[in-house]
Amino acid sequence: MSARLLASLVKVIAWAMLLFLTLPVFIVVPVSLTPQSWLSLPTTGLSLRHYAAIAATTEWLEPFETSFLVAGLVTCLATALGSAAAIAAWRLAHPLVRWLSGVILLPLIVPPVVSALALYRVWVDLGIFDTLLGTVLAHTIIATPFVFTTVGASLASLDPRIEQASRSLGASVMTTVVRVIVPCVRPGILAGAVFAFIASWDEVVITLFVTSRHVFTLPRKIFQDLRDTIDPTVAAVSSILVVVTLLVALLLFFTEERRKVPG
Amino acid sequence: MRKAGMSGAAHGLALSGLTKRYGAVAAIDGIDLEVKPGEFLTVLGPSGSGKSSVLMAIAGFLRPDAGEILLDDRPITNLPAEARNFGLVFQGYALFPHLSVADNIAFPLKVRGIARGVREARVNEVLRLVRLEGVAARKPQELSGGQQQRVALARALVFDPAVLLLDEPLSALDKKLRAELQIELRDLHRRVGGTFINVTHDQEEAITLSDRIAILRNGRLIEIGRPIDLYERPKTRFVADFLGRSNFLEGTVASLAEGMAVIIARGVMLRQAVGDWQDLRPGEPVLVALRPNKIEIACDGRGEGNRLHGEVRSVLYVGSYLELVLRTEIHEALLMTVPITPALRHPREGERLTMSFASDAGVIVGEDRADLPSIALARTLD
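Residues numbered from 1 in each chain as written. Chains lettered and ligands numbered in written order. Predicted model: local features only at pLDDT ≥ 70, side-chain atom pairs only at ≥ 80, totals over all residues. Heavy atoms only, no water.

Quick word on the overall build of chain B
When helices and strands are counted, chain B shows nine helices and 20 strands. Counting only C-alpha atoms, chain B reaches 75 × 50 × 40 Å along its principal axes. Burial statistics for chain B: of 382 residues in total, 53% are counted as buried. Excluding contacts between residues fewer than 6 apart, the proportion of contacts in chain B whose partners are at least 24 apart in sequence is 69%. For chain B, the computed accessible surface area is about 17,200 Å², with 50% contributed by carbon and sulfur atoms. Between the mean site of the 48 positive side-chain charges and the mean site of the 48 negative ones, chain B shows a separation of 4 Å. (Helix = DSSP H or I, 4+ residues; strand = E, 2+ residues; numbered from the N terminus. Buried < 20%, exposed > 50% of the residue type's maximum accessible area, 1.4 Å probe, protein only. Contact = heavy atoms within 4.5 Å. Areas by Shrake-Rupley, 256 points an atom, 1.4 Å probe, with all protein chains shown as cover. Lys, Arg positive; Asp, Glu negative; His and termini not counted. Charge placed at Lys NZ, Arg CZ, Asp CG, Glu CD.)

Laid out in structure tokens, this is it:
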């Protein structure tokens, strides 16, 4: 009896948590559909005027493009680096590897503000402050640990003798990595790529520190607009941000589902 | 027409002084071993004996600290694994989960840049060899354990390897399937005609499959020889005990004449063939290994050879035979097996019996390799 009660209690808490985590979406999306010109929940009807406002000006288009470009480049870089590091860590059964893995994961542990401040200092010295390159590199540092973790998780369930098998069959180490190991951990690489994209796509803290006038990402524009002009357009932009993120995640989900079907 | 898998002349392989240390522990301790072309050699030993290390060194995944590995007298010790052209079948098969059965088997041909047409012909040929034509398009994880095993074999044979290495290939299968695949593997070796090196801890597998068995212990080669020789005429206590079961009788040589020794064991006189131990001297301590099936219940006082008297301590029924443990004058717990025949009167616990065994039923064995007489050692390395 008490066990069943406990089980239902856990269920209730789980649902409450889920609701809590998705709550912002239930506020932001309705607000974006308000017919009023101020931040409010729609009471008199629904309107797409704030979405039309985004399309009407180029004000939002540029940050959108910048964010897409940055996130795209970061996804490529972080996926390549994170996967390569994870595969290397898996192959080298060396005690030093554990320490190195810790270093790679540091950006996840260090508070973003601390990272941001450090990056700001160094980026200025390197002359890449407020450049596309600087932004992409800063985001890549944040995004790589996600790839490293997901690929590492995929590798953990891979039979280590797969590599020996491949090499005994005549494949060099490089061929083995490209034709055997990478295809085997594809789900982990894909998941890591999605996480890397999302990490860069909605990154704001570090971006605020390493950019100024030239590089303007979407989250930064939202942040600034919220401070300067409180207007439901921000809610509309945020909704689009959520939709893009959801689409990327769904893309991953469906590619994986299709792979699972035998045949 | 080329024969499927390992066509052309079979290759010989030799290990000379092979050594691998991990700190103070030697995983491989100076092994000298010669594998003849076309031979099925099994490396047998308990876990931790270094047998897998030896195989990994041959495969090229374990760099020896000292010694050489020779393929047809050509040193290959420093050749990377991918350049050795050895087939390797793993315990868990290590099939590529992302490739179909046919693509798994085609993989070694692809990395060798063999044209598609030739590749497909070879894959089909090998699939036929292991009788897996029907499952070529499936993924490995959709196959049974026995089928996966055959895919692993096909993949390791398709590129004409110089030597096929098998790392406990049957240990993941259940007993019945294992027995079936033992016969298949033996058959495959005959058809393919290449050099096979198998590593196992399963003595039954070693005895039924191999042309010769090399027995390892603590990284050292203890004995090597044909299964029947090792089983019937072991030279060391370890082999007599590890391969099958043996009773060990300790005694002292009293006298010697014409290849026959008289041994006093706990006050009992035994006649024992000297065998390989020609330079035995009176007064020397000896150890005799006696198989449980070489002892008989002596009927009505007659019977050749040595006689023992004892009391039955336990009787175990094992189906086709009985296993008796007896307290005798020379051994506290002498093990003997008695085949169950219609005429057999089942002995009871506490009953007193007279046993006999021939003078050549037992074998004199050494305590360790160092005890081996020089003639015996020379024969071992033959």
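There is more to say after this.
Topic: the nonpolar core
If you look at the biggest cluster of nonpolar residues, it comprises 95 residues, and the most contacted ones within it are L13, L15, F86, L165 and I197 of chain B. Within the second largest apolar cluster, 29 residues are counted, among which are V288, L322, F357 and I364 of chain B. (Core = buried A, V, L, I, M, F, W, Y, C linked by side-chain atoms within 4.5 Å.)

Quick look at the interface of chain B and chain A
Taken together, the 24 residues of chain B in the interface contact 19 residues of chain A. Taking both sides of the interface into account, the surface hidden between chain B and chain A amounts to around 1,800 Å²; carbon and sulfur atoms contribute 65%. Among the residues chain B hides against chain A, the three largest losses belong to F61, E82 and H98 of chain B. Together they make up 31% of the total. Our count for the chain B to chain A interface comes out at one salt bridge. In this structure, R167 of chain A and E82 of chain B form a salt bridge, with 2.8 Å as the shortest nitrogen-oxygen distance. Listing elements by their share of the side of chain B that touches chain A, those giving two or more residues are β6 (86-89), α2 (101-111) and α4 (145-157) of chain B. If one sorts the elements of the side of chain B that touches chain A by residue count, α2 of chain B sits on top with four residues. Of the residues assigned to the side of chain B that touches chain A, the class counts are 16 nonpolar, three polar and five charged. (Buried area = accessible area lost by both parts, 1.4 Å probe. Salt bridge = Lys/Arg side-chain N within 4 Å of Asp/Glu carboxyl O. Nonpolar A, V, L, I, M, F, W, Y, C, P; charged D, E, K, R; others polar.)

Considering the sheet that holds strand β20 (residues 363-365) of chain B
Residue and element names in this part refer to chain B. Pairing is antiparallel across the open sheet formed by five strands, whose spatial order is β13-β12-β11-β14-β20. Bordering the open sheet on either side are β13 (268-273) and β20, each of which pairs with just one other strand. Geometrically, the sheet is characterised by an average inter-axis angle of 50° between neighbouring strands, direction not taken into account. Across six bridges, the pairing between strand β11 (residues 247-257) and strand β14 (residues 285-290) is antiparallel. Counterpart to L249 in the pairing with β14 is V288. (Pairing = 2+ DSSP bridges. Axes fitted to C-alpha atoms, helices over the stretch in contact; angles between N-to-C directions.)

Considerations on the side chain of T19 of chain B
Residue and element names in this part refer to chain B. Within the secondary structure, T19 sits in strand β1 (residues 13-22). Owing to a relative accessible area of 11%, T19 belongs among the buried residues under this scheme. Looking at T19, its side chain comes within polar contact range of the main-chain oxygen of G17, at 3.2 Å. Those residues in contact with T19 that lie beyond four places of it in its chain are I28, D29, G30, P64, D65 and A66. (Polar contact = N/O pair within 3.5 Å; in protein donor to acceptor, adjacent residues only side chain to side chain.)

Focus: the layout of surface pockets
A volume near 350 Å³ is recorded for the second largest pocket. W90, R91, L92, A93, H94, P160, R161, E163, Q164 and R167 of chain A together with F61 of chain B together form the lining of the second largest pocket. For the lining of the second largest pocket, the secondary-structure elements that each account for two or more residues are α3 (61-91) and α7 (161-168) of chain A. Top contributing element to the lining of the second largest pocket by residue count: α7 of chain A, with four residues. (1 Å grid on protein atoms, 1.4 Å probe; cavity = no way out; pocket = protein on both sides within 12 Å on 5 of 7 lines; lining within 4 Å. Points joined across faces, edges and corners; volume = space filled by probe spheres on them.)

Concerning the confidence of the model for chain A
Confidence along chain A averages 90 in pLDDT terms, with 97% of residues attaining 70 or more. Ranking the helices and strands of chain A by mean pLDDT puts helix α6 (residues 132-156) of chain A first, with 95, and helix α12 (residues 233-260) of chain A last, with 83. (pLDDT = per-residue confidence, 0-100.)

Concerning the pairing of β14 of chain B
Residue and element names in this part refer to chain B. Most of β14 is tucked away: five of the six residues are buried. Across three bridges, the pairing between β14 and β20 is antiparallel. Within the sheet, the bridge partner assigned to A289 lies in β20 and is V363.

Looking at the sheet that holds strand β17 (residues 321-328) of chain B
Paired through backbone hydrogen bonds, the strands of a sheet run either parallel or antiparallel to each other. All names here are of chain B. Sheet architecture is open: five strands sit in the order β15-β19-β16-β17-β18, paired in antiparallel fashion. Taken across any chain shown, the strands that pair with only one partner, and hence form the sheet edges, are β15 (296-297) and β18 (334-339). Looking at chain direction, β17 and β18 are connected through six bridges and run antiparallel. By the bridge assignment for β18, E323 is matched with T337.

Observations concerning a nonpolar patch on the surface
On the surface, a nonpolar cluster with roughly 500 Å² of combined accessible area is contributed by L6, L9, V10, I13 and M17 of chain A. With respect to the helices and strands, L9 of chain A occurs in helix α1 (residues 2-32). (Patch = residues over 30% accessible without salt bridge, like charges linked within 9 Å, V, L, I, M, F, W, Y side chains within 5 Å.)

Here's the deal with the pattern of salt bridges
Residue and element names in this part refer to chain B. One pass over the full model with this rule turns up 23 salt bridges over all chains. Put simply, K51 and E168 hold a salt bridge, and the shortest N to O gap is 3.9 Å. Taken together, the residues span a long stretch of sequence, with K51 in helix α1 (residues 51-59) and E168 in the loop between β7 (163-167) and α5 (175-192) at a distance of 117 residues. Owing to a relative accessible area of 5%, K51 belongs among the buried residues under this scheme. Judged by its relative accessible area of 8%, E168 falls in the buried class. Two residues, D229 and R226, come together in a salt bridge whose shortest N-O distance is 3.1 Å. In the salt-bridge network here, residues are joined through shared partners; they are R266, E311, R327 and E332.

Thoughts on unusual backbone geometry
In this model, A94 of chain B sits at a positive phi of 50°, which is unusual for a non-glycine residue. At D160 of chain B, a position not held by glycine, the phi torsion is positive, near 55°.

With respect to the packing of helix α8 (residues 173-184) of chain A against helix α9 (residues 186-201) of chain A
Residue and element names in this part refer to chain A. Interhelical geometry of α8 versus α9 gives an angle of 70° and a closest axis separation of 5 Å. Comparing their axes, α9 and α8 come out roughly perpendicular. Side by side, α8 and α9 meet where V182, P183 and C184 of the first sit next to R186, P187 and I189 of the second. By residue class, the composition of the contact of α8 with α9 is five nonpolar, no polar and one charged. (Parallel < 35°, antiparallel > 145°, perpendicular 65-115°, else oblique.)

Let's talk about the environment of N247 of chain B
Residues and elements named next belong to chain B. The residue N247 is located in strand β11 in this model. What makes N247 buried here is its relative accessible area of 4%. Along the sequence, N247 and A9 sit 238 residues apart, while their C-alpha atoms lie 44 Å from each other. With residues near it in sequence (within four places) discarded, N247 still touches V288, A289, L290, R291, P292, I295, A333, L334 and L335. Of note is the side chain of N247, whose polar atom sits 2.8 Å from the backbone oxygen of L335.

Remarks on empty space enclosed by the protein
Residue and element names in this part refer to chain B. One pass over the full model with this rule turns up two cavities of 30 Å³ or more. Lining the largest cavity are L129, V130, R131, R150, L153, L181, E184, L185, L188 and R191. Mapped by element, the contributors of at least two residues to the lining of the largest cavity are α4 and α5. It is α5 that contributes the most residues to the lining of the largest cavity, five residues altogether. By residue class, the composition of the lining of the largest cavity is six nonpolar, no polar and four charged. Space inside the second largest cavity adds up to approximately 40 Å³. For the lining of the second largest cavity, the class distribution of residues is five nonpolar, one polar and three charged.

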